[in-house]
Amino acid sequence: MELLVHGVGGTTPQEMLGDPSIERVTGDLTAAVYRRRDDVDAETRPQDYADKPVPEAYSWSNLTSGNGARALWLMLLPFMVANLAHWMRPADYGPRLVLARLHGVLVRLVALSLTVLLVAAACEVALDLVAWQCAGSTGCAAERSWLGFMAQGPSGEGGWWSQPGRRLALAAAVPAVLTLLLWWLSHRTWAAYESQPPLRRPVDEYDREARHRPALCLPGFWYGKRLVARLRAAHTAAGLLTVAAALAAATTRYDRTAGGSTALDTVGWLTQILVVGCAAWVLYVVCRRGRKESEPDDALDRITVRALPGISAGVLLLAAVHASWSRPRWVSRGGGPPGDEAFAVLVVAQGVLVAAIGVLGIVLHRRHPEGRTALKGLGSASVAMLACALGGVMSGGVTQRVGDWLDGPGTPGMGNGLIEGPPVLLTWQSSAIPVMLGVVLLLLLWFLLQVSRRSRKMTDEVERSYPGARHDASRSRRIASVVARAALTDATPWLVGAAAAITLLLGGAGVLGAWLTGEVPGRAADGQAAVVDGFADTVQALGSWLIGFAFVLFLTWARRAYRDPSARRTIGILWDVGTFWPRAAHPFSPPCYAERAVPDLAWRMATWTEQTGGRLVISGHSQGSVLAAAAVWHLDRVTRRQVALLTYGSPLERLYGRWFPAYFGPRQLQDLHEQVDRWRNLWRVTDPIGGPVRVDGGAAIDRGPLVDPLEYGRTLRHPLPAPILGHGEYQADPVFDEERNLLLLSLRQRESGPAPGPVHAGADERAAADLPRQGTPGDAGEDGADGEGAGAQTDPGRSSS
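Residues numbered from 1 in each chain as written. Predicted model: local features only at pLDDT ≥ 70, side-chain atom pairs only at ≥ 80, totals over all residues. Heavy atoms only, no water.

Caption draft 1: Molecular detail of the overall build of the protein chain. From N to C terminus, the protein chain includes 26 helices and eight strands. Taking all 801 residues of the protein chain together, the buried fraction comes to 57%. In the protein chain, the share of contacts with a sequence separation of at least 24, taken over all contacts with a separation of at least 6, comes to 79%. For the protein chain, the accessible area works out to roughly 33,000 Å², and carbon and sulfur atoms hold 61% of it. (Helix = DSSP H or I, 4+ residues; strand = E, 2+ residues; numbered from the N terminus. Buried < 20%, exposed > 50% of the residue type's maximum accessible area, 1.4 Å probe, protein only. Contact = heavy atoms within 4.5 Å. Areas by Shrake-Rupley, 256 points an atom, 1.4 Å probe, with all protein chains shown as cover.)

Caption draft 2: Seen up close, the pattern of salt bridges. Tallied over the full model, the rule gives 27 salt bridges. Between R36 and D39 there is a salt bridge whose closest N-O contact spans 2.9 Å. Of the residues examined, D39 reaches a relative accessible area of 4% and is grouped as buried. Residues E739 and R703 are paired through a salt bridge, measuring 2.5 Å at the closest nitrogen-oxygen approach. Of this pair, E739 sits in helix α24 (residues 734-752) while R703 sits in strand β8 (residues 702-703), and the two are 36 residues apart along the sequence. Residues participating in the shared-partner salt-bridge network are R35, E43, E56 and R604. (Salt bridge = Lys/Arg side-chain N within 4 Å of Asp/Glu carboxyl O.)

Caption draft 3: Spatial organisation of the pairing of strand β5 (residues 616-621). Burial analysis of β5 places six of its six residues in the buried class, which makes it a mostly covered element. Burial along β5 is two-sided: the face carrying L616, I618 and G620 and the face carrying V617, S619 and H621 are both buried. Bridging between strand β1 (residues 2-5) and β5 involves four bridges; their strand directions are parallel. Bridge pairing in β5 places V5 opposite G620. Bridging between β5 and strand β6 (residues 643-648) involves six bridges; their strand directions are parallel. Within β6, the residue paired with H621 across the bridge is Y648. (Pairing = 2+ DSSP bridges.)

Caption draft 4: Spatial organisation of the sheet that holds β5. The mixed open sheet is built from eight strands, whose spatial order is β2-β3-β4-β1-β5-β6-β7-β8. Every interior strand has two partners, whereas the edge strands, β2 (22-27) and β8, have only one. Across four bridges, β1 lies against strand β4 (residues 55-59) in parallel orientation. Across the sheet, the residue bridging to V5 is Y58, located in β4. Seen against the sheet, helix α18 (residues 594-612) touches β1, β2, β3 (32-36), β4, β5 and β6 and runs at an angle of roughly 160° to β4. (Axes fitted to C-alpha atoms, helices over the stretch in contact; angles between N-to-C directions.)

Caption draft 5: Local environment of the state of the cysteines. Under the counting rule described, the total for this entry stands at one disulfide. The disulfide partner of C134 is C140, and the S-S distance across this bridge is 1.9 Å. Between C134 and C140, the disulfide has an S-S torsion of -90° and is therefore left-handed. Classification of C134 by relative accessible area gives buried; the value is 0%. (Disulfide = S-S within 2.5 Å.)

Caption draft 6: Quick look at the confidence of the model for the protein chain. Taken residue by residue, the protein chain gives an average pLDDT of 82. The fraction at 70 or more is 83%. Mean pLDDT across the elements of the protein chain bottoms out in helix α26 (residues 786-789) (32) and peaks in β3 (95). Low pLDDT (under 50) marks residues 202-211, which in the prediction has 20 contacts with non-local residues, meaning those over four places away or in another chain. Across residues 754-801, where pLDDT falls below 50, the model places 112 contacts with residues more than four positions away in sequence or in other chains. (pLDDT = per-residue confidence, 0-100.)

Caption draft 7: Summary view of the packing of helix α7 (residues 225-255) against helix α8 (residues 262-288). Their axes nearest at 9 Å, the elements α7 and α8 cross at an angle of 155°. Considering their axes alone, α7 and α8 lie roughly antiparallel with respect to each other. Considering only the axes of α7 and α8, their crossing is left-handed. The residue inventory of the contact of α7 with α8, partitioned by class, reads 17 nonpolar, four polar and four charged. (Parallel < 35°, antiparallel > 145°, perpendicular 65-115°, else oblique. Left-handed = near helix turned anticlockwise from the far one by under 90°. Nonpolar A, V, L, I, M, F, W, Y, C, P; charged D, E, K, R; others polar.)

Set out below in structure tokens:
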């Protein structure tokens with residue numbers, strides 16, 4: 001059998017099988033295996049398939065796209081990026097994996113801070129800006145009739161809801177409902193996507209002492225039910241406690257002033273003690289344990305899962321009742337919900353955690369350095385920093401835009417509007433956005449200049465790769481430009497690292513500026529030189545609009561996906577890359593489709609080989625090659641020896657190997673090569689995603705770089721210009737059929753005779769002597785394609801041999 005797995009963006013089963021008439025063999029509307037209608041009963045007619053495979057197509061595109069509502073998962077982007085940081089640590093080969101576990105704890109704490117940041121931003125909007133400032137301002141409330149029922153006069157007169165505590169208690173429903181919505185979404189998506197039982201098999205070969213075994217081999221890797229449930233309970237409780245803390249802080253400030261009630265003050269102290277106690281419980285749950293992968297983690301910690309959110313909800317209810325108690329003399333004049341203090345603590349805590357993750361990454365990388373690891377071990381810290389930046393942009397965008405809307409003609413924080421505005425720290429952070437964007441644009445321009453310079457240098461090399469062709473300068477430049485742009489992927493880590501470093505520095509500068517001055521940048525620069533004053537006013541105004549524009553852009557893109565299938569497909573591609581990994585750090589991140597797809601593929605391969613005794617080739621393109629590799633690892637050792645692997649346009653080493661070295665590093669890819677019957681990988685230098693695998697030991701896995709375009713100009717056989725294929729249409733290259741035939745021939749030889757030893761390029765050519773041939777198999781990627789693709793990437797048109 002040949003099992004086809006498509007890549008990012010999704011390809012229909014009809015396209016994969018080359019036949020419009022297909023039937024679903026197994027699966028559902030979300031993910032399924034299909035066959036051509038003529039092949040449905042192939043197992044009953046083995047004589048008809050003596051010299052050809054039974055083709056099957058696994059379609060998983062509906063796991064990441066198809067429903068317009070899933071575009072709203074864009075709002076969970078910071079959570080997804082934080083979850084990615086968990087998997088980016090360098091490998092830890094120590095006897096107790098202490099540093100790896102500590103790394104997991106730190107990333108989970110960063111993820112928890114993002115949940116608190118989101119809920120704190122909702123509290124800032126609902127409790128502070130709307131209920132406290134606007135409803136307490138006669139001018140602001142007069143312009144908004146929907147706030148009339150809770151408006152408060154200058155002397156505190158008004159209706160029942162006009163007392164500040166009652167307004168705050170009512171507004172607390174907004175962040176509380178947001179927290180419960182996140183809990184419901186996480187629970188629902190777990191049941192829909194990640195609850196598939198893993199393949200049960202003997203685990204004697206996965207002894208805990210065998211640290212050299214890849215983690216993806218472990219039977220519980222793709223089933224983290226217990227951890228997700230614990231984290232979901234902890235993050236839900238953290239959100240509810242954040243709302244309770246905001247309410248308790250505002251009410252207890254008033255109760256402790258002269259004339260306050262002693263009884264209410266006592267209840268306020270009790271509420272704060274309960275908030276601190278439950279927060280300590282949340283931290284214990286988050287830090288206590290990570291994933292258990294040696295076996296499927298089916299058990300649930302029912303006390304934690306049920307009691308922690310329930311008790312936290314009770315504390316929030318107590319805080320709301322306490323805030324609603326009558327305080328006739330309370331007027332909205334300062335002393336409202338904490339703003340600068342809370343956000344300053346969050347920003348500083350995130351910076352400290354990211355710095356600690358960076359130190360751990362450097363230590364782990366120096367223990368076992370891998371030359372192509374992204375940012376030399378700092379990849380996890382950089383991505384965690386970007387997750388914090390995204391959380392700041394999204395939460396700050398809401399507060400800045402709402403503050404500007406409520407402030408009327410004035411500028412928030414400048415003292416010329418209807419309300420005071422958002423916390424000073426958020427304004428400083430938004431003012432740093434134009435500076436960061438300016439630096440990032442300079443970096444992008446530098447990269448573009450490098451692409452232009454490299455494409456000019458490669459024009460002659462492109463023409464030399466097509467000897468005998470009539471060369472055209474425009475065609476050569478176009479091919480060289482595609483090759484140069486594709487090579488930018490290898491420079492992405494340094495762009496990510498630079499953006500993370502700039503974010504860390506500007507975030508620290510914002511905290512320091514807010515702490516030293518206590519004023520927004522525009523007012524803090526008053527009296528300074530005209531250039532400084534003008535720059536501060538400009539970045540403050542521009543930053544407010546930019547941060548709001550970024551948030552509106554997210555909403556617009558998500559809304560467009562309801563009506564535009566192409567937009568849904570684009571968002572699906574983003575999710576294909578970002579949600580491959582299980583939710584090990586943040587339970588509110590978008591669901592992991594691989595926890596459904598990998599067991600599907602493993603079950604299909606294992607059951608088919610057991611029922612028929614046959615052998616199969618699993619063929620994966622792009623992200624499908626990553627799913628194929630993970631599924632093969634998930635099989636038992638005997639079944640793996642009945643499987644051959646064909647990958648093309650594969651990011652296994654170029655992206656996953658560099659960014660996730662603990663799971664797709666050189667040792668792990670070498671292990672995969674040793675476990676399967678055979679493995680061949682096709683790649684092009686025009687492909688911005690796929691690349692060579694580069695395993696050690698001299699094994700002939702890579703075939704490439706393939707010729708692209710297949711013809712330079714117009715010929716008798718190709719009267720129209722051949723397209724530059726790049727990342728797509730690998731099946732259009734004659735080399736694809738050749739390599740697939742070699743794998744099938746190898747499986748047939750293994751079935752009819754003793755198992756051959758390692759097969760190298762020379763053996764490939766001898767085995768294929770009687771097959772139709774177009775081109776020559778090559779093994780570039782072992783020696784010539786090492787080091788950022790040097791050597792191989794300078795020869796775009798030649799298939800090495």
